[in-house]
Amino acid sequence: MNESFVDETGQTVSLKDPWTAAFLAWLLPGLGHWYQGRREKAVLFFACILGTFLYGCYLGGNSQLGYARVVYYSFRPGDTRLYYLCQVGVGLPALPAIVQAMRVRQGKPALWNNFMAPPRLGSDDRDPPTLDRLNYELHSYFDLGSLYTAVAGLLNILAIFDAWGGPVFPEPKRPPGPGRGNDPPSKEGDEVSPA
């Protein structure tokens, strides 16, 4: 399936395989558009979406607590992380959270200085830190980082749809014609010929 469209400059652009483009767009923001040859959009989506995601990761962590602590996968009782359902929309950059969650569930220590690791459940302040400690030490940056990373994932879902379905252009204006409602009003006295 190789669909194509004519862009606003009049050039024909091939969408190639839309499902492959959509998967690549999920895997890394902009990659599906790069695959389709839509390079300007690819660079724009890569910079804006990944930049938003990385900035949120920066806000939601530090060297003592671990970086990117706002991106973690957890559906444990007492810690359901619904933000992750949005964050995973950014694709590959959010997947280390699943690896970390699997390690923690198996009782193994988190890798990479708790990068994207789920917080420990409980009330004391041993390492890894609890969710309460993360919120206390990061203040409102934890919530801001969560929001930035979730918005990046949701924006990438829109970009995925664009890679799959192609761009949306306004319908071209049609010249006025009979039966389209664009006929000039008739003057009184004009005879209307039967059709």
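The structure we're discussing is the one just above.
Here the residue numbers are simple positions, counted from 1 along each chain's written sequence. The predicted origin of the model limits local features to residues at a pLDDT of at least 70 and limits the giving and counting of side-chain atom pairs to 80 or more, whereas totals for whole chains, interfaces and linings rest on all residues. Side-chain calculation: all heavy atoms of the structure are included, whereas hydrogens and water are not.

1. Here's the deal with unusual backbone geometry
Phi is positive for Asn113, which is not a glycine, with a value near 55°. Only DSSP runs of H or I reaching four residues or more are called helices, and only runs of E reaching two or more are called strands; each is numbered from the N terminus. Following the sequence through the fold, Asn113 ends up in the loop between helix 5 (96-105) and helix 6 (131-138). You will see that His139, though not glycine, has its phi angle at about 55°, which is positive. You can see His139 is positioned in the loop between helix 6 and helix 7 (141-165).

2. Structural notes on the nonpolar core
Counting 19 residues, the largest nonpolar core has Ile49, Phe53, Cys57, Val71, Ala94, Met116 and Phe142 as the members making the most contacts within it. When residues of this core are traced back to their parent elements, those giving at least two are helix 3 (39-59), helix 6 and helix 7. Residue contributions to this core peak at four residues, all from helix 3. Residues count as neighbours in contact if any of their non-hydrogen atoms are within 4.5 Å of one another. Ignoring sequence-local partners within four residues, the contact set of Phe53 consists of Val71, Gln87, Val90, Pro93, Ala94, Met116, Thr149 and Ala152. As used in this record, nonpolar core signifies buried Ala, Val, Leu, Ile, Met, Phe, Trp, Tyr and Cys residues forming a set joined through side-chain atoms within 4.5 Å. For the exposure calls, accessible area comes from a 1.4 Å probe over protein chains only, and a residue counts as buried if that area is under 20% of its type's maximum, exposed if over 50%, partly exposed in between. Among the nonpolar cores identified, the runner-up in size contains five residues, and Ala21, Ala22, Ala25 and Ile160 belong to it.

3. Some details on helix 1 (residues 18-27)
Among the residues of helix 1, Pro18, Ala21, Ala22, Leu24 and Ala25 are the ones counted as buried. Down the axis, helix 1 shows its buried residues gathered within 165° of arc, on one side only. Here the arc refers to the directions that run from the helix axis out to each C-beta atom.

4. Section: the packing of helix 1 against helix 7
In a pair of packed helices, the angle between the axes and the distance between the axes together describe the arrangement. The convention used is that axes are lines fitted to C-alpha atoms, helices contributing only their stretch in contact, and that angles between N-to-C directions extend from 0 to 180 degrees. Packing of helix 1 against helix 7 leaves a shortest axis separation of 8 Å and a crossing angle of 160°. Put simply, helix 1 runs roughly antiparallel to helix 7. Every pair of crossing elements has a handedness; the one defined by helix 1 and helix 7 is right-handed. Listed contacts from helix 7 to Pro18, Trp19, Ala21, Ala22, Ala25 and Trp26 of helix 1 are Asn156, Ile160, Ala163 and Trp164. Asp, Glu, Lys and Arg are counted as charged, while Ala, Val, Leu, Ile, Met, Phe, Trp, Tyr, Cys and Pro are counted as nonpolar; the rest, among them Gly, fall into the polar class. Taken together, the residues of the contact of helix 1 with helix 7 break down into nine nonpolar, one polar and no charged. Angular relationships are summarised with four words: roughly parallel below 35 degrees, roughly antiparallel beyond 145, roughly perpendicular across 65 to 115, and oblique for the angles in between. We call a crossing left-handed when the near helix sits turned anticlockwise from the far one by less than a right angle, and right-handed when that turn is clockwise.

5. Some thoughts on the packing of helix 6 against helix 7
Look at helix 6 against helix 7: their axes get within 7 Å of each other, and the N-to-C directions meet at 100°. The orientation of helix 6 relative to helix 7 falls into the category roughly perpendicular. Of helix 7, the residues touching helix 6 (which contributes Leu131, Leu134, Asn135 and Leu138) are Tyr141, Phe142 and Asp143.

6. What to know about the packing of aromatic side chains
For this analysis, a ring pair means two rings from Phe, Tyr or Trp (six-membered ring only for Trp) whose centres lie within 6.5 Å, classed as stacked if their planes differ by under 30 degrees, edge-to-face if by over 60, and tilted for the remaining angles. For the structure on display, the rule yields seven aromatic pairs. Each ring, one from Tyr73 and one from Phe75, has its centre 5.3 Å from the other, and the planes form 65°; the classification is edge-to-face. Using a relative accessible area of 38% as the deciding quantity, one classes Phe75 as partly exposed. Centre to centre, the rings of Tyr73 and Tyr84 are 5.6 Å apart; their planes meet at 80°, and the pair counts as edge-to-face. Note that Tyr73 is positioned in the loop between helix 3 and strand 3 (75-76) and Tyr84 in helix 4 (residues 83-87), a separation of eleven residues in sequence. Overall, the relative accessible area of 28% leaves Tyr73 in the partly exposed class. Pairwise contacts between aromatic rings join Trp19, Phe161 and Trp164 into one cluster. Criterion for a charge above a ring: Arg CZ or Lys NZ at most 6 Å from the ring centre, at most 35 degrees from the ring normal. For the cation-ring pair, Arg39 lies above Trp34, with the distance from its terminal atom to the ring centre recorded as 4.2 Å.

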